[in-house]
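Spelled out, the chains give:
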Amino acid sequence: MNDDDASRLDIEGFEERSVKAIMEARTPEMLEEQRIRFLGRKGEITEVLRSIVRLSKDERPVVGGRLNELKQRLNALIEERKALLETSDGDEEPFCGDPTLPGRRGWEGGRHVLHRVLADIKEIFFGMGYSLATGPDVELDYYNFEALNFPPDHPSRDTQDTFYINRDILLRTQTSPVQVRYMERHTPPLRIIVPGRVYRNETPDPSHAAEFLQMEGLYIDTDVSLADLKNDVTFFIHSFFGSDAKVRFRPHFFPFTEPSAEVDMSCFACKGEGCSICQKTGWIEIMGSGMVHPHVFRYAGYETDRYTGFAFGMGIDRIAMLKYGIGDIRRFLANDLRFNSQFWTEIWSGVVE
Amino acid sequence: MVGGGGVKVSLEWLKRYVDIKEAPEVLARDLTMFGLNVEEFHSLFPPLKGIVYGKVLDVRKHPKADRLSLCRVDVGGEKILDIICGAQNVREGLGVPVALHGTVLPGGMKIKRTRIRGEVSEGMICSEIELGIGRDAEGIIELDFEEKPGAGIEERLGSSDYIFDIEVTPNRPDQLCHVGVAREIAALYRRPLRMPECMTLETGAEYRLVIENGNDCPRYSAAFIDDVATGPSPGWMQDLLLAAGMKPINNIVDVTNFVLLELGQPLHAFDRDRLAKDMIVVRRAKNGDALVTLDDIERELDGRDLVIADADKPVGLAGVIGGRDSEVTDSTRRILLESAMFNPRLVRQTRQHMKIETEASYRFEREGDIGITVAALERACLLIKEIGAGCPALFHADILADPALVGKRKITMRTRQVNRVMGTHLSARETVSLLERLEIKSEISGRDVIASVPSFRRDIKAEIDLIEEAARVYGYENIGREDQSGCNIFSHISGDDKRIETVCNYLVSRGFAEVITSTFMDPGDPVRMGWLERDPRCNAIRIENPLTEAQSVLRTSLLPGMLNVARRNSLSEREGIKIFEMGKVFIPAAGEAGLPNEEMHITAIFTRSVRPLNWFGKQRSFDYFDMKGELEALLGRLGISQEIVLAGGGEGTHQFVCNWLLDSKLIAEAGVLPSSVARIYDSEHQVFYFDLWIDDLPRAGRDRKRYRQIIPYPAVKRDLCVIAADRVMFADIRNVVKREAKLLEKIWLFDYYRGGHLGEGKRSYTFRLSFRSSKGTLDDSTVDREIGRILTALQRELEVVLREE
Ligand SMILES: [Zn+2]
């Protein structure tokens, strides 16, 4: 057989093309088209049959037999496929001719990034045995300052510019007033976190907001120590920012804790080398903390010597800013959905192992 | 030097009192970890770029200007530079700093090649003041070291002094001076502290000093200087003052400022000859008293203000600022130097209502060291004598309200408590040596320690304050982590929190974007919203000191804030807005001590396109039933199965708003915003909303829920088409159907039609009813009886009839 014959009598090629076309037909009409194309009177098979004459006498019956066999097989396949297409409940073709057309969707939504971050933080503390407590935004001066050992007319109050409703009522400048409120109603051991909005009378700029989200933690029992505080705070930072974060506690002053400590963690961006995020120090201030001051116990009505405890507090806005590289705190309340929607995809603000 | 909660100290100045070998960055880090947070430190004079060593080869007179010289200076390049110099001390062979072409000096002056009276100058030979590294403007700097001409010498010109910006917390006024910071450094590195030298003054000066009230002024000390000769203070003193950020004025004022920055005690110098009857009275101001203060402002005083007065009139505001008329001037001959302690609250009060903050007031407010008033005078007198500013008298005056105030406080510190708070295992002896480093002497008594706290540590009042100091010196970093916390407390779930989280996450899954808006509201918002006067939302709580008028009340509804969000996002071309907020609103109440009710609301807004632009259907805007469906589904999610009653249209413009009542209690408001209101918030589109009072909803209660058996028998479905008059509502019919049908499982409305061929005032409703019995398969006759009962009741109660085909 010469090359010419071989190309004309490519039976395998013909079989492959025709079977594929039949199986891909999605409607009886499309199937009929394919039947005509391959098996019709002017179809491809007729072409092939005609070319048999050019073969040797010995070959003709063999090839002819094979072709007849194939023709029968294809007819059977078409019948089978036709039955399948016709019996599928008479469904219309579901793709409108194009399965790549976009699907029917509504608006997408998502949580606000601050609440997402808060939810992740809460989850870590719930796992550590902390429970949730809340308190009012509009607070008595007594709980916000006095019971937290800020004496009236004392410069320590200058560190927190305050919105006043009147002489005795203000917008809380911290979530700490809930400490005393909670202690008044509960007896140790107690272990709570307190998220909530707090207010400072500061002109907003990229790093200061007049209202922001804070979260407080409090643990009181008969023998809670500074070492325990270091444990819990370090545990949280490692859970949230990764166990390679270094944590340091440096002495500080808060009226309602003593000893007090600022908590810094090594900068996650530069790993302590110094960069713009950490203002070249290699450290990032993450929260304030300390041992509950005996005066606070006294205000809460506890015997001061019976219990010890620790408290800590962090700004959720600040943590979200650090975590996602948000440069302007005012973005959070502006609610440009082009901003908000950046945090809708499945993200975890904590560490995912 | 102070303000913003910090102090600026000079490293060179600190070195007068304690040895410091550490590099500035090491010192900064160590101080920070010791509790003195160094916010920033920098070289006093930042080195300049582009200053090179030059050698003056020869000097000749400028042909056209007597005072100028033409110099040829070798700066290392191939070419020797011609530089014109005006200084008298320029001479051949001198090593000098040269600013080359292109260099910008600290004053902003840019050095360029230039021509002065016909002669070329290709650079500048600099003086101290030109380089910003000193006060000398007279001559050029004569470098006292040899260098290769052209070598950069920035490093060698810069000052060796560093300025540290240290955060000082309000409890530590003792750190607001160089000796105070040096004392901490001495404790940190266990080095001796060198107190500055003083002159010894004797008590018993004969002077009329009257203190009206010992509470207002617990101590007043005064020294007297004769033969005063005012003039500039010596260079070393000016350098140190400038380094710490204070401007030199004259030798007397500079000494008082120097002692302030050294020991932290504010001093004030009065021109003694200006004090009427040569006397001092510390008293409250009388109404009508006035004083022109040093800043040239005439101030009216009242009984709140504590003043220093002479026989006739106030001459100073105690602890805040002096009076202009008794100020030290060039003609002053005799001085009274005041060193006192005033009641911090009075100083604060006067400072606040006079709106003036001074170095003195900042320290007095924080209650300085009552024990140091005389020592500060003794130090000042020595300095005045040494620099020849006057002749201090040997005697001083001193009135102390209560001698106990200057004594050392004795405080017991229990070793067990130290270890309990710190989580350590220290012995009493170890705690003694920790406190020792801070100049707190203590003795062991049994297992515990009795500490004597010096007067400069007013902040240490109780045991816990000592424990903190011990912990700080011991080092927080050394407090162990091997002590695992012995916590065995379980977390319990807060039902309220869980419910809110569930609702928020549910709404998100329904395609809502969560927003968080401000608690503050514009007092004009209730009017803009069209709420009637008696609406509780019109009665918003005012802030006494708001940021702006538009943020001066607390929100009574989340709607105004959310409408602003909708508006801003429409401006950024968002096609559809479907947002919600979970947040508090504040309604005045006669609750606990006048605190308002804080109600948690979930509010949602729907406006513009119901879904993104698409190919499969006609685009349309949100409508009432889109909103209502979401609220119904949400209530379903919350397990609210009780009947909700919709109280018809709201009042006034709010006619298309319904109140949703549960057991006759308002739980939600929902509807469409009046278009007049929507337009105020820049919306041309209809704005639908619901506002849900989430706190008032009954709790589903996790314990009450029980699994219900699934009925294995088939349901029977019947369709029912009825005609009703316009006054009859869907809910009326549904309620009758539900009440009458005993076996009704579910009811759907699947067609609704008004007017048209039915005739004016008529509507038709088509229901599909599904019946099912838990007892067995229903037969037709049972269902027929159900239908019959329903129709009879509908006809009787609502005149609703079956539609004839
Ligand atoms: Zn960094």
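Residues numbered from 1 in each chain as written. Chains lettered and ligands numbered in written order. Predicted model: local features only at pLDDT ≥ 70, side-chain atom pairs only at ≥ 80, totals over all residues. Heavy atoms only, no water.

Overview of the coordination of the zinc ion
When a metal holds four donors in a tetrahedron, each ideal angle between them is 109.5 degrees; when it holds six in an octahedron, the ideal angles are 90 or 180 degrees. All names here are of chain A. The coordination sphere of the zinc ion, as far as protein atoms go, consists of Cys267 (SG), Cys270 (SG), Cys275 (SG) and Cys278 (SG), spread over 2.2 to 2.3 Å. Of note is the zinc ion, whose four donor atoms meet at the metal with angles of 103 to 113 degrees in an arrangement that counts as tetrahedral. Here the donor residues for the zinc ion map to a single chain with the spacing C-x2-C-x4-C-x2-C. The residues cysteine 270 and cysteine 278 share a single accessibility class, namely buried. (Donors = N, O, S within 2.8 Å, 3.2 Å for Na, K, Ca; no water. Tetrahedral: all angles 85-135°; square planar, octahedral: opposite > 155°, others 65-115°. Buried < 20%, exposed > 50% of the residue type's maximum accessible area, 1.4 Å probe, protein only.)

A look at the confidence of the model for chain A
Residues with a pLDDT of 70 or more make up 94% of chain A, whose mean pLDDT is 88. The low-confidence segment residues 1-7 of chain A, where pLDDT is below 50, has five contacts with residues more than four positions distant or belonging to other chains. (pLDDT = per-residue confidence, 0-100. Contact = heavy atoms within 4.5 Å.)

Let's talk about the environment of Asn659(B)
Residue and element names in this part refer to chain B. Along the chain, the position of asparagine 659 falls in strand E34 (residues 657-662). Of the residues examined, asparagine 659 reaches a relative accessible area of 28% and is grouped as partly exposed. Setting aside anything within four residues of it in sequence, one finds asparagine 659 in contact with Val645, Leu646, Ala647, Leu666, Ala668 and Glu669. (Helix = DSSP H or I, 4+ residues; strand = E, 2+ residues; numbered from the N terminus.)

Things to note about the interface of chain B and chain A
Contacts between the two partners involve 89 residues from chain B and, on the opposite side, 97 residues from chain A. For the chain B and chain A pair, buried surface summed over both sides reaches about 7,700 Å², with 55% attributable to carbon and sulfur atoms. Of all residues in chain B, Arg420(B), Tyr476(B) and Ile516(B) give up the largest surface area on contact with chain A, accounting jointly for 11% of the area buried on that side. Its salt-bridge partner being Glu501(B), residue Arg111(A) comes within 3.2 Å of it at the nearest N-O pair. Our count for the chain B to chain A interface comes out at 42 residue pairs in polar contact (both at pLDDT 80 or more). (Buried area = accessible area lost by both parts, 1.4 Å probe. Salt bridge = Lys/Arg side-chain N within 4 Å of Asp/Glu carboxyl O. Polar contact = N/O pair within 3.5 Å; in protein donor to acceptor, adjacent residues only side chain to side chain.)

Description of the domain arrangement of chain A
For interface size, the figure often reported is the accessible area lost on association. Here chain A is described as being made up of domain 1 (3-87) and domain 2 (113-345). The straight-line distance from the C-alpha centre of domain 1 of chain A to that of domain 2 of chain A is 79 Å. (Domains from an automatic or database assignment.)

Some words on the confidence of the model for chain B
In this model, chain B carries a mean pLDDT of 89, and residues with pLDDT of at least 70 account for 96%. Predicted confidence in chain B is weakest over strand E1 (residues 2-3) of chain B, with a mean pLDDT of 46, and strongest over strand E30 (residues 553-554) of chain B, with 97.

Things to note about the sheet that holds strand E32 (residues 597-608) of chain B
Residues and elements named next belong to chain B. Spatially, seven strands are ordered E28-E31-E32-E36-E35-E34-E33 in an open sheet, and the strand pairing comes out mixed. Each edge of the open sheet carries a strand with a single partner, namely strand E28 (513-514) and strand E33 (644-647). Across twelve bridges, the pairing between strand E31 (residues 576-587) and E32 is antiparallel. Residue pairing for E32: glycine 583 is matched across the bridge by histidine 601. Set on the sheet, helix H14 (residues 495-509) makes contact with E28, E31 and E32; between it and E31 the angle comes to about 160 degrees. (Pairing = 2+ DSSP bridges. Axes fitted to C-alpha atoms, helices over the stretch in contact; angles between N-to-C directions.)

Overview of helix H11 (residues 415-422) of chain B
Residue and element names in this part refer to chain B. Most of H11 sits out of view: seven of its eight residues are buried. Listed as buried for H11 are Thr415, Gln417, Val418, Asn419, Arg420, Val421 and Met422. Following H11 by one or two positions, glycine 423 has its phi on the positive side, about 75 degrees.

Quick notes on the packing of aromatic side chains
Using the criterion set out here, one finds 39 aromatic pairs over all chains in the structure. Between Phe125(A) and Tyr130(A), the aromatic rings sit 5.1 Å apart at their centres with planes inclined by 85 degrees, giving edge-to-face as the arrangement. This pair shows no difference in class: Phe125(A) is buried, exactly as Tyr130(A) is. An angle of 80 degrees between the planes, with centres 5.4 Å apart, marks the rings of Tyr219(A) and Phe310(A) as edge-to-face. One end of the pair, Tyr219(A), is in strand E5 (residues 211-221); the other, Phe310(A), is in strand E9 (residues 308-315), and 91 residues separate them in sequence. Judged by its relative accessible area of 0%, Phe310(A) falls in the buried class. Connected via pairs of aromatic rings, a cluster forms that spans Phe125(A), Tyr130(A), Tyr219(A), Phe236(A), Phe240(A), Phe241(A), Phe268(A), Phe310(A) and Phe312(A). One Lys or Arg, Arg191(A), reaches over the ring of Tyr219(A) and ends 4.5 Å from the middle of that ring. Seen from the ring of Phe750(B), Arg768(B) lies directly overhead, with NZ or CZ sitting 5.1 Å from the centre. (Phe/Tyr/Trp six-rings, centres within 6.5 Å; stacked < 30°, edge-to-face > 60°. Lys NZ or Arg CZ within 6 Å of the ring centre and 35° of its normal.)

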